[in-house]
Structure formats: C-alpha cells, structure tokens
Amino acid sequence: MAAVTERLVGTAPRTRSESGVWSWITTVDHKRIGILYLVTSLCFFFIGGLEAFLMRLQLATPDAHVVSEVVFNELFTMHGLTMIFLAIMPMSIGFINYMVPLQIGARDVAFPRLNALSYWLFLAGGLVLNSGWLLGGAANAGWYNYAPINIGQHVINGVSTNLNPGPDSMGITFYAIGLQLAGIGTLMSGVNFIVTIVNMRAPGMTPMRLPLFVWTTLITSVLIIFAFPAFTADLFLLTLDRLFGTGFFNVAQGGDVLLWQQLFWIFGHPEVYILIMPAFGIISEVIPTYSRKTIFGYSSMVFAIVAIAFLAFMVWSHHMFTVGMGPLVNSVFAATSMVIAVPTGVKIFNWIATMIGGRIRMTTSMLFAVGFLVCFVIGGMSGVMLAVPPADYQFNDSYFLVAHIHYVLIGGALFALFAGIYYWFPKISGRMLDEHLGKWSFWLIFIGFNVTFFPMHFLGVEGMPRRVASYPANLDLRLWNAVATFGVFILTAGLIVFLANLRKSLRSGQAAGADPWDGRGLEWSIPSPAPEYNFAAVPLVRGRDPLWVEKTYGDGHMIPYVPGGAAPEAEAGGHGHAAAEGHGEGGPGGEGHGAGHGHGIHMPNPTPLPFYLAIALTVAAYGTIFKVPEIMVLGLLGTFFFVFRLIYDHDPGHHVLPEEDAG
Amino acid sequence: MIEPSHSGEFGAPRGTYHEATPAENNKLGIWLWLASDCALFASLIATYLSLHGQTLAGPGPKQLFDLRITVTATFVLLCSSMTMGMGLEAAQRCDYRGVLRWLIPTAVLGLAFVGMQVFEFTHYVLQGLTLQVSDFGASFFTLVGFHGLHVSFGVAWITSLLIYVFRKKRVDQADAWRFEAVSLYWYFVDVVWVVIFTVVYLMGKVG
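Quantities reported herein were computed from a predicted structural model and do not represent experimental measurements. (Residues numbered from 1 in each chain as written. Chains lettered and ligands numbered in written order. Predicted model: local features only at pLDDT ≥ 70, side-chain atom pairs only at ≥ 80, totals over all residues. Heavy atoms only, no water.)

Enquirer: What am I meant to see in the overall build of chain B here?
Expert: Along the backbone of chain B there are six helices and zero strands. Oriented by its inertia axes, the alpha-carbon framework of chain B measures out at about 80 × 50 × 25 Å. Here chain B, with 207 residues, has 54% of them falling under the buried criterion. In chain B, the proportion of contacts linking residues at least 24 apart, taken out of those at least 6 apart, comes to 80%. A total of about 9200 Å² of accessible surface is found on chain B, and carbon and sulfur atoms cover 69% of it. Charged side chains of chain B number 13 positive and 14 negative; the gap between the two group centres comes to 11 Å. (Helix = DSSP H or I, 4+ residues; strand = E, 2+ residues; numbered from the N terminus. Buried < 20%, exposed > 50% of the residue type's maximum accessible area, 1.4 Å probe, protein only. Contact = heavy atoms within 4.5 Å. Areas by Shrake-Rupley, 256 points an atom, 1.4 Å probe, with all protein chains shown as cover. Lys, Arg positive; Asp, Glu negative; His and termini not counted. Charge placed at Lys NZ, Arg CZ, Asp CG, Glu CD.)

What follows is the structure, given as structure tokens:
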C-alpha cells in the first residue's frame, strides 16, 4: 500500500492533521468529500425510512390514529423530499465524487474547493429543510408542493382563506429556502463534474473509452445544469409569494397555479433521470465485472444515455395529464414519454446480453444488479401504462403511481446504489463486506420491497388515493394495506442486516487489496483505499476497460504515461516528466493538477473557506425564513466576503511524494 | 505483445496529450455556469410572458414605460461591453495601465446602469406599480430586478479585480483568465439585457 513518505517544505505554512473533525471540515479531497456525501446521504436515508415506516404503521389498519392527519401530511412530504434530494441524489453524487476521478485517471476534480462547497451547501439545505420539524412545522404539501396549497393564505371571493391544512404551514418556507440551498450545491457539482470529465482525463482516455459510469455522470451533470435553474426560479417565485406578498401562484392577484406545476416539472422530470442515470452507470460497471465480459453494445449504451437525457426535457407534461391541457398536448407528451422506453429498453437488453455467455459470479453486488433489472422493468412497464393519458385519468394520484415511483426509485435507483456499495466499498474502505450477511440483506430487502410495493398496484386500481392519512374499513382496502405494512418489516430487517454488515466490516472486515473483484477500470489499479494523490504516475490508457486491457495484453499493471514516448515501459511511479505548468493558481477552485515528477505530486491545500461560506449562506437563509432583514443582509455580506476570498485566495498547494505501489 | 488491429478499441493514444490548466478549467466552468444561468433567465422570462397581461388595478406597461430612460440605460450598458472588450485586450497584453483605463469606466457604466434602474423602479412604484398590486408588477420587478442584481454582482466582481491588480501594481499572463471570466459574464449579462429590452420594453410599448 502506498503511503505518504514526505511533504516538501517551501510552500505555505499549514496546519494539517490527517484525521479529526477539522480535517474533514477543511478537506478538498474528492475521496473524502465523496465519503461525506455517502455517510450523510445514508443518515438522511434512514430518517426518510423512519418517516415511511410511520406512514405504513398508520395505514396498516383502517381508521388508525398512529399519527394525526397534520403530521401525516408532513411525513409523506418530508419522506419524498428526503429520499429524493437528501438520500438518493447525494448518494449518487458521493459515488461520482469518489469514483469518477479514479476512473478517468485524474488526481482530483477540476474544482476541489467548489466540490467541498457543494457538499456543505447540500448538508445546510438538508438541515434547513428538516429543521422545520422543530421550528414551526415541516413542509406538508407533498414533494411537488402544488400551488395554491403551497402559498397558504389565499383569497377566494374576497375572503382570505388558508388552503394549507397545516397549523401555520411554515414548513413550506423551509422547503423553499432549504431546497434552494441544496440546489445551489448540486448545480456546482454538475459544473464541476462536466469540467472534470471534459478536461482531466488521463492520456488515451478518449470519449468512447470512458467507463459508462463516467458517461452517465457527464450526462447527469448536463441534466443538472439545465434542469435545476427552472426549479431555482420556481422556488424564488414561491419565496416572493410567501414572504413579500407577490401573487405569482395566487389567482386573486392575477397569478397562475399551473405556472408552479409547469416550472416544477420542467425541472422534475429531468430530475428523475438525474436520480436514475448514475444508477444505470453503476449497473453498467457491476454487470461486466461479475460477468467477466466487456459491456455489450458500448456505443449503443452511450447513445441511449444521451437520447434519454435529450427526451427527458420534452416529457414534463405527462405529470399533468389531468389538469386539462387538452387532447393534443396530452397526445404529444404521451408519445414523447413512450419513446423513452426505446433507449431504456436498449440498455436493459444490453445488460442482459452482457450476462449471456459470461462467467457470472453471483456476489451480493451482482444480486442487487439483477434485482435492479427485474424491478426496474416492472417500474418501466407501469410507467408506460401511466403514459397513456386515458388510463392516467384512472391511475393519477392513486397508489398505482406510488407503486410505480417506488419500483423505479427503490427497485431502480436504490438497488443500483446498493450494488454500488457492495462493489465499491472495498475500494473506499479497504475492507470487504461480508458476502454471507450481504446475501441475507439482499434477499430480505428484495422480498420486503416487493411485498410492500407490489400490492400497491392493486390498491391503486381499486381506487385508493395517495396521500390519504386513513381509509374507512368498508372499502375492502384492508388486506393489501396490511400486506404492504408487513413487507416494510421484512425490508427494515434487510436494512438492519446491511447496517450490521457495514459495522462488522469496518471493525473486522477482511482486507480488500487493490483489486478484489478482478476489476476492469482504472480505480482497481491503485491501492484500497485510494491514496491522497490517487495515481503515483499518470496512467496510460490503451483501451476501453483499461485495467482489463493490461491484464489481457500487458503485465496486469497500468503503464505510466511518458510524454512523447511512443513505446512506454513500465517504470516506477513519480518519475521525471512534464515540467510543472502554471499550477497553483488560486482561482475559484483552480488548484493545480500537477503531474507526478521530481518534486512530488502537487495537491491543493485544505481550507475552511467553503465551510465558512456555507455557514454564512445558512445564516442568510434563516434570516429570510424568519423575516429578519438584518440577519439576512449580514449572512449575504458574509457570503460575498467568502466568495471573493475564494476567488482571490492564492493556494500554493503542497507536494506529496508517492511511495511505489507494492507489487 | 499482441495488439488487435482495430485501434479505436485498443492502442496508445494518438495525437498529443494536453493536460488542462486550471485557467482552462475555470473558463469552461464559467461557460457552464452561464449556460445554466440562461435557463434561469429563460424561466423568469417565461414567467413574465405568461403573467404580464395581468395588470389588474395597477398601471400597465404602455402607460408606464418611458423608453427614453431605458434606451439611455441600454446605450450605457452596451458601451460598457465595449470598454470591457478593450480592458480584456489590455489584460491579455499584460498592460496594467490599460486595464485600469478601461475597466474603471466599465464599472462606472455598470453602476450608472444600476442607478438608472433604481431611478426607474422608484418612478414606477410612485405611479402605483408594486410587487403586490398585480402580477404584471411582480413578474416585471422580478425579471428586471434579477437582471439588475446580475449587473450589480458584475460591478462588484470588476471592482474586486481592480483592487486585486491595483495591489499587485501589474497584470500577469497568469491573471488573463480572470479577465476572460469576468468579461464572459459581463457580455452574457448584456445579451440578456438585449432580450429583456426587446421582450419587456419594446413589446410592452408596442404589443
């Protein structure tokens, strides 16, 4: 295992500890930030799970009163928001952070400090959103938060009425501001990943050699930067409506309730692809590895990803079939929605074709990938059913839709993320997860998930609307609701086994070594966990699945890149080439990406500035929520102060000498 | 070593490998940020277009807009683009005095634009157009005000850059990207203004 042997002096005085809270707060290392994302998203995942658990307890029997209707509204709203914005998406971003630079042979992302800022803003947003529980009520109008419920006070025939059933619906202000904060962070992540992938690939890592996880990251990032602004604008208008008395969504002031829906879904539909795309990428990594085959139809996979992203922007109104846009609009959006099934089908068949004839190892990760295929196809089928407008009039806002969204988000995105956890955990922690416990957790989660959510198709067709706090006993909905709640207990057991597995592995897990799965990508060519500088020497990529190419045609190790050298020889790392070109600029994250050479590897210094900036913006956020202009202005001034500090702060960086990799 | 013939699939990289510099990363990052900002302005312009007919009890665009103020403001902002271009050209030549000569007027012109907008907004509020009175008012102030905030941030950015070079008393080649970044942003804000001027003011007066 490589270790840092020396740090050269002569850069800048810096206090740096390798562990401790401060080192995590100041870190700009993409791997540490990735771990922060993964751990935080897992915490939010269990909060969201707890909310779901309470809802299923309430719905297990008719006319139950486990929680009040008011709390139930908050529970389903916060469950959706937490799972989508604070669990699944940041878990994907965590893997992207850790793995994409490794997979393209880079030493960090393009903007390490911006990366840290993204994380802190995501955390701030999540905390602001959830602080509603303690400070006057959590958001309670559903995750898509339709107008006019979301503006609360509403004038009907000259009478001011509160359309929001909550006590004072303060939670929606937390929604507007909290998601705004997290959204800024996500947007910066998107920019960061695109620049990283476009500019920082190792020599030979041509676009059509990129691992598919990198491709999905690139396309996800494009979706992020073009979809999130619509939501930002929407939240901005909502904030003005709630705090400054404008009437964008208030009909009495000339507003349009559909404006919220249009802007929301222009963002919201690409958002579901932002959730599922990285999952596609993980599946495209896992299945080839455990099938010992290269991915089937690589080019068609890339084409399918791009096609799905392109179509993602022209289907948003299929969420609004029943608002009365007319048959023509509905038909057009029905057609574009169904077209998406084509590239998605291409991907499904390519994954199956990859397994055919492969030497398959049914590890836990592979089990989750196969479980993904099964459940995601079921979710895709119900999706096509929902895309038929006449049928949608029946399915809309029923449990059929709840079943669909959970089949694509749990059976799709979450299963893929679990596959990713079992696949990449050894790289991230240096230890293996227990396969025996892993298989237990898979089967419990898989069975529990299907027992919970498959009956919801029946409930929906029988007419049970979503988001009701209870149902009367005489509606014949009792059986499948009880079954669904029973399934939740199995699912929960599976998650507990998973947690036990994590704990066991971190305490006494078997050491993983660099390449426990006989992997194919660059991330398996370096020690586990990856050293601070990732690659002792910049690797030369000679084909798709670069490490597999070396295992097949070379000696199984990546060849260090030598500029101008036509026939590179395998030399020890950290060796003479490439004079340092203008690195060390302290731009907005413009830290150096120096190549390994005589002076060691140039790495950016840790800095608390992103953390401070996030705190300042959070102060401004609370000032806005509670309408205290002084605090808002103070927070914004602090924000600008730290923005300009970040732009002009010169980061000389430091140099690390890598030790030669063992073996 | 056996190498398959289809070198697109396998083989050493062809051409020269160029490691991206931080400056190149920064510039691409700015481009992407501005692309994203385009979508943000598009959302606000769409909001304005869908709500601007809702004047209700408040005044409407025809009686309110005075094109003499806005045309002057537009002229001022477009001039600032020219001075910004000259300033960028000076920065690329590492011409310290040239940078000061062109960027100080750019900041002043930007500030003048913001000042005219403040004057214009005050004028409208006095005539009864507020955020609350109608959705024409709300969407107008939101869209145009949001652009005004962009200009203000641009002025702050240019000012900070001026302070930065003033303290160094010179401009280095390594700083060129800073000027390219701020000028990209400035041109973007100008182009958005041309759209807003057309959609809000010209169409408001004519349509």
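Enquirer: Can you help me understand helix 6 (residues 212-244) of chain A in this one?
Expert: Residues that lie three or four places apart on an α-helix share one face, since the helix turns once every 3.6 residues. All names here are of chain A. For helix 6, spanning 33 residues, the distance from its first C-alpha to its last is 46 Å, which sits close to the expected 48 Å at 1.5 Å a residue. A bend of about 30 degrees at Ala227 is the largest found in helix 6, and the proline Pro229 appears one to four places after it. In the stretch just after helix 6, Gly245 is the one whose phi turns positive, near 75 degrees. (Expected span 1.5 Å × (residues − 1). Bend = angle between axes of the 7 residues up to and from the residue.)

Enquirer: Is there a simple way to think about the pattern of salt bridges in this case?
Expert: Two side chains with opposite charge may pair up if their charged atoms get near one another. Residues and elements named next belong to chain B. A full pass over the atoms with the stated rule returns 17 salt bridges over all chains. One salt bridge connects Asp66 with Arg68, and the closest N-O pair in it is separated by 3.1 Å. We note a salt bridge from Arg170 to Asp172, for which the minimum N-O separation is 2.4 Å. The exposure class assigned to Arg170 is partly exposed, which follows from its relative accessible area of 44%. A relative accessible area of 23% places Asp172 in the partly exposed class. Through salt bridges with shared partners, a single network forms among Lys168, Arg170, Asp172, Asp175 and Arg178. (Salt bridge = Lys/Arg side-chain N within 4 Å of Asp/Glu carboxyl O.)

Enquirer: Where do I start with the packing of helix 7 (residues 257-291) of chain A against helix 11 (residues 364-386) of chain A in this structure?
Expert: Helix packing geometry: the angle between the two helix axes and the distance between the axes. Residues and elements named next belong to chain A. Running from N to C, helix 7 and helix 11 point in directions that differ by 130 degrees, and their axes come no closer than 9 Å. Of the possible angle classes, the one that applies to helix 7 and helix 11 is oblique. Judged by the twist between their axes, the crossing of helix 7 over helix 11 is left-handed. For the pair helix 7 and helix 11, contact is made by Ile276, Phe280, Ile283, Val286, Ile287, Tyr290 and Ser291 and by Ser365, Met366, Ala369, Phe372, Leu373 and Phe376, respectively. Its residues assigned to classes, the contact of helix 7 with helix 11 comprises 11 nonpolar, two polar and no charged. (Axes fitted to C-alpha atoms, helices over the stretch in contact; angles between N-to-C directions. Parallel < 35°, antiparallel > 145°, perpendicular 65-115°, else oblique. Left-handed = near helix turned anticlockwise from the far one by under 90°. Nonpolar A, V, L, I, M, F, W, Y, C, P; charged D, E, K, R; others polar.)

Enquirer: Is there a simple way to explain the environment of Val191 of chain B in this structure?
Expert: Residue and element names in this part refer to chain B. With respect to the helices, strands and loops of the structure, Val191 is situated in helix 6 (residues 176-206). Val191 gets classed as exposed once you look at its relative accessible area, which sits at 52%. It is 27 Å that separates the C-alpha atoms of Val191 and Thr55, two residues lying 136 residues apart in sequence.

Enquirer: Any chance you could explain the side chain of Ser317 of chain A here in plain terms?
Expert: Residues and elements named next belong to chain A. Locating Ser317 in the fold gives a position in the loop between helix 8 (298-312) and helix 9 (327-339). For Ser317, a relative accessible area of 2% puts it in the buried group. Not counting the four nearest positions on each side in its chain, Ser317 is found in contact with Gln262, Met325 and Phe333.

Enquirer: Whenever I open this one, the packing of aromatic side chains confuses me. Can you help?
Expert: For any two aromatic rings, the description comes down to two numbers: the centre-to-centre distance and the angle of the planes. Residues and elements named next belong to chain A. Considering all chains together, one arrives at 84 aromatic pairs over all chains under this definition. Pairing Phe231 with Phe264 gives two aromatic rings, centres 5.4 Å apart and planes at 85 degrees, and the pair type is edge-to-face. Taken as a pair, Phe231 in helix 6 and Phe264 in helix 7 lie far apart in primary sequence, 33 residues in all. Here Phe264 falls in the buried class, since its relative accessible area comes to 0%. (Phe/Tyr/Trp six-rings, centres within 6.5 Å; stacked < 30°, edge-to-face > 60°.)

Enquirer: Explain empty space enclosed by the protein here, please?
Expert: Here the idea is plain: a probe the size of a water molecule rolls over the atoms and shows the empty space left. All names here are of chain A. Counted under the stated rule, the structure contains seven cavities of 30 Å³ or more. In terms of lining residues, the largest cavity is bounded by 17 residues, among which Pro211, Leu212, Ser284, Glu285 and Asp545 are the most central. Top contributing element to the lining of the largest cavity by residue count: helix 7, with four residues. Classifying every residue of the lining of the largest cavity by side-chain character gives eight nonpolar, four polar and five charged. (1 Å grid on protein atoms, 1.4 Å probe; cavity = no way out; pocket = protein on both sides within 12 Å on 5 of 7 lines; lining within 4 Å. Points joined across faces, edges and corners; volume = space filled by probe spheres on them.)

Enquirer: Got a minute to help me understand unusual backbone geometry in this structure?
Expert: For residues besides glycine, phi is generally negative; the peptide bonds are generally trans as well. In this structure, the amide linkage connecting Ala147 of chain A to the following residue, Pro148 of chain A, adopts the cis form with an omega of 5 degrees. Residue position: Pro148 of chain A is located in the loop between helix 4 (112-131) and strand 2 (153-156). You will see that Asp476 of chain A, though not glycine, has its phi angle at about 65 degrees, which is positive. Tracing the backbone shows Asp476 of chain A in the loop between helix 14 (435-461) and helix 15 (478-508). Owing to a relative accessible area of 65%, Asp476 of chain A belongs among the exposed residues under this scheme. One non-glycine residue, Cys94 of chain B, lies in positive phi territory at about 60 degrees. Relative to the helices and strands, Cys94 of chain B resides in the loop between helix 3 (67-92) and helix 4 (96-126). Since its relative accessible area comes to 29%, Cys94 of chain B is described here as partly exposed.

Enquirer: I tried to follow the nonpolar core on my own but got confused; where do I start?
Expert: A general trend in soluble globular proteins is that nonpolar side chains are found buried together. Counting 262 residues, the largest nonpolar core has Phe85, Tyr175, Trp260 and Trp351 of chain A together with Phe140 and Trp157 of chain B as the members making the most contacts within it. The greatest single-element share of this core, amounting to 21 residues, is contributed by helix 3 (residues 69-104) of chain A. Look past the residues within four positions of Phe85 of chain A in its chain and what remains in contact with it is Pro90, Phe122, Trp143, Leu179, Phe231, Phe267 and Glu271 of chain A. In terms of nonpolar packing, the next biggest core, distinct from the first, is built from five residues, Tyr533, Ala536, Ile601 and Met603 of chain A among them. (Core = buried A, V, L, I, M, F, W, Y, C linked by side-chain atoms within 4.5 Å.)

Enquirer: Sorry, what's going on with the packing of helix 7 of chain A against helix 10 (residues 341-355) of chain A here?
Expert: All names here are of chain A. Where helix 7 meets helix 10, the axes come as close as 9 Å, and the angle between the chain directions of the two elements is 15 degrees. Of the possible angle classes, the one that applies to helix 7 and helix 10 is roughly parallel. As for how helix 7 packs across helix 10, the hand of that crossing is left-handed. Between helix 7 and helix 10, the contacting residues are Phe280, Ile283, Ser284, Ile287, Pro288 and Ser291 on the first element and Thr344, Lys347, Trp351, Thr354 and Met355 on the second. Grouping the constituent residues of the contact of helix 7 with helix 10 by class yields six nonpolar, four polar and one charged.

Enquirer: I keep staring at the confidence of the model for chain B and nothing clicks. Help me out?
Expert: Interpretation of this model should avoid reading the predicted coordinates in detail wherever pLDDT is low. Residue and element names in this part refer to chain B. With 92% of its residues at a pLDDT of at least 70, chain B reaches an overall mean of 91. Across residues 1-8 the pLDDT falls below 50, and counting only partners more than four positions away or on other chains, this stretch makes 12 contacts in the model. Complex prediction metrics read pTM 0.92 and ipTM 0.93. (pLDDT = per-residue confidence, 0-100.)

Enquirer: I would appreciate a short explanation of helix 5 (residues 171-199) of chain A in the present structure.
Expert: The end-to-end C-alpha separation of helix 5 of chain A is 42 Å, in line with the 42 Å expected for 29 residues at 1.5 Å each. Burial within helix 5 of chain A is extensive, with 26 of its 29 residues counted as buried.

Enquirer: Please clarify how the pairing of strand 7 (residues 654-658) of chain A should be interpreted in this entry.
Expert: All names here are of chain A. In terms of residue burial, strand 7 counts as a mostly covered element, since four of its five residues are buried. Bridging between strand 6 (residues 601-603) and strand 7 involves three bridges; their strand directions are antiparallel. Bridged to His602 within strand 7 is His655. (Pairing = 2+ DSSP bridges.)

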